[in-house]
Amino acid sequence: MEATLHGILLAFGLILPLGVQNIFIFTQGATQPNFFKALPATLTAALCDTLLILFAVFGLSVIVLQFAWLRLGLMIIGIIFLLYMGYSVWNSRPAKRESGKSLPPQKQIVFALSVSLLNPHAILDTVGVIGTSALRYAGLEQILFTATCIAVSWCWFFGLTIAGASIKKLDGSGPILHIFNKFSAIFIWLTAMLLLKSLFA
């Protein structure tokens, strides 16, 4: 019971703060013609988080992050993807049904992969917090802790998509979603700039 409660609190603590990944998933729910069209992004983000949590618990990513050149490469690729994604979000318009103006599944998957796996800070947070916390458990308790973190992550991403789709129903393709896209793009570009700044820190 303690491991399950700990997993819930910890997972929510990590994913609740406003971030590029959350904004992207919410935006897809709001800009796709319907909920099901946004599932490529939602499922990709959830699967990536599952992968990171498993790596964190079993310590694999700690080994990977010991290589400075790999961390540098991830950051550079991440910056490029974020700049491009910000451009795409800035120019995107909420899609009417059957309009086809929203991101296609392939782009959704690529963008979701980039904001999930090419963000060194997100990887370090997952490893540092979830991976370290998992060390206090063993056996069944560790399995429960890990499964709870993963379940919270999946529920959160599907909830974000549903919330975005609900906003679309209320606003259609009106000004609220248009303004939200602009703010989302600015936030994504700011995140890219912070990553760039950290390269020279």
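As the structure is a computational prediction, the values presented were derived from the model and not from experiment.

### Re the overall build of the protein chain
Step number 1: In terms of helices and strands, the protein chain carries 9 helices and 0 strands.
Step number 2: Ordered by position from N to C terminus, the α and β elements of the protein chain give α-α-α-α-α-α-α-α-α.
Step number 3: Counting over 201 residues, the protein chain shows a buried share of 45%.
Step number 4: Considering only residue pairs separated by 6 or more positions, the protein chain has 88% of its internal contacts joining residues 24 or more positions apart.
Step number 5: Counting every atom, the protein chain has about 10,500 Å² of accessible surface; 75% of that belongs to carbon and sulfur.

### Considerations on the packing of aromatic side chains
Step number 1: Under the definition given, this model contains 6 aromatic pairs.
Step number 2: Relative to Phe 111, the ring of Tyr 84 has its centre 5.6 Å away and its plane inclined at 70°; by these criteria the two rings are edge-to-face. Taken as a pair, Tyr 84 in helix α5 (residues 68–91) and Phe 111 in helix α6 (residues 105–117) lie far apart in primary sequence, 27 residues in all.
Step number 3: For Tyr 84, a relative accessible area of 38% corresponds to the partly exposed category.
Step number 4: Here Phe 111 falls in the buried class, since its relative accessible area comes to 1%.

### Things to note about the nonpolar core
Step number 1: Grouped together as the largest cluster of nonpolar side chains are 21 residues, with contacts concentrated most on Val 20, Phe 24, Ile 25, Leu 82, Met 85, Phe 157 and Ile 188.
Step number 2: Counting only elements with at least two residues in this core, the list comes to α2 (20–31), α3 (39–58), α5, α6, α8 (140–171) and α9 (175–199).
Step number 3: Counting residues in hydrophobic clusters, the runner-up holds 12 residues, among them Ile 53, Ala 56, Ile 130 and Val 152.

### With respect to a nonpolar patch on the surface
Step number 1: Residues Trp 90, Ile 179, Phe 183, Ile 186 and Leu 190 make up a contiguous nonpolar surface patch of roughly 500 Å² in combined accessible area.
Step number 2: Looking at which element gives the most residues to the nonpolar patch, the answer is α9, with 4 residues.
Step number 3: Inspection of the secondary structure assignment puts Phe 183 in helix α9.

### Regarding the packing of α2 against α3
Step number 1: Following both chains from N to C, one finds α2 and α3 inclined at 155°, their axes separated by 9 Å at the closest point. What the angle tells us is that α2 and α3 run roughly antiparallel. Here α2 and α3 pass one another in a crossing that is left-handed. Here Gln 21, Phe 24, Ile 25 and Gln 28 of α2 come into contact with α3, specifically with Ala 41, Thr 42, Ala 45 and Asp 49.

### Points about the packing of α2 against α6
Step number 1: The interhelical angle for the contact between α2 and α6, taken along N-to-C directions, is 160°, at an axis separation of 9 Å. The orientation of α2 relative to α6 falls into the category roughly antiparallel. As for how α2 packs across α6, the hand of that crossing is left-handed. Of the residues in α6, those touching α2 at Val 20, Gln 21, Phe 24 and Gln 28 are Gln 108, Phe 111, Ala 112, Val 115 and Ser 116.
Step number 2: A per-class count over the contact of α2 with α6 returns 5 nonpolar, 4 polar and no charged.

### Details of α2
Step number 1: Here α2 spans 16 Å end to end across 12 residues, near enough to the 16 Å set by a 1.5 Å rise per residue.
Step number 2: Burial within α2 is extensive, with 12 of its 12 residues counted as buried.
Step number 3: All of the buried residues in α2 are Val 20, Gln 21, Asn 22, Ile 23, Phe 24, Ile 25, Phe 26, Thr 27, Gln 28, Gly 29, Ala 30 and Thr 31.

### Some points on α3
Step number 1: Between its first and last C-alpha atoms α3 spans 28 Å; for 20 residues at 1.5 Å apiece the expected length is 28 Å, and the two agree.
Step number 2: Burial runs high along α3: 14 of the 20 residues are buried.

### Brief notes about the confidence of the model for the protein chain
Step number 1: Mean pLDDT for the protein chain: 77, with 73% of residues reaching 70 or above.
Step number 2: Ranking the elements of the protein chain by mean pLDDT puts helix α4 (residues 60–64) last, at 55, and α3 first, at 90.

### So, the environment of Trp 189
Step number 1: Tracing the backbone shows Trp 189 in helix α9.
Step number 2: For Trp 189, a relative accessible area of 28% corresponds to the partly exposed category.
Step number 3: Taking the C-alpha atoms as reference points, Trp 189 and Tyr 87, 102 residues apart in sequence, are found 8.5 Å from one another.
Step number 4: Not counting the four nearest positions on each side in its chain, Trp 189 is found in contact with Leu 82, Leu 83, Gly 86, Tyr 87 and Trp 90.

What counts and how
Residues numbered from 1 in each chain as written. Predicted model: local features only at pLDDT ≥ 70, side-chain atom pairs only at ≥ 80, totals over all residues. Heavy atoms only, no water. Helix = DSSP H or I, 4+ residues; strand = E, 2+ residues; numbered from the N terminus. Buried < 20%, exposed > 50% of the residue type's maximum accessible area, 1.4 Å probe, protein only. Contact = heavy atoms within 4.5 Å. Areas by Shrake-Rupley, 256 points an atom, 1.4 Å probe, with all protein chains shown as cover. Phe/Tyr/Trp six-rings, centres within 6.5 Å; stacked < 30°, edge-to-face > 60°. Core = buried A, V, L, I, M, F, W, Y, C linked by side-chain atoms within 4.5 Å. Patch = residues over 30% accessible without salt bridge, like charges linked within 9 Å, V, L, I, M, F, W, Y side chains within 5 Å. Salt bridge = Lys/Arg side-chain N within 4 Å of Asp/Glu carboxyl O. Axes fitted to C-alpha atoms, helices over the stretch in contact; angles between N-to-C directions. Parallel < 35°, antiparallel > 145°, perpendicular 65-115°, else oblique. Left-handed = near helix turned anticlockwise from the far one by under 90°. Nonpolar A, V, L, I, M, F, W, Y, C, P; charged D, E, K, R; others polar. Expected span 1.5 Å × (residues − 1). pLDDT = per-residue confidence, 0-100.

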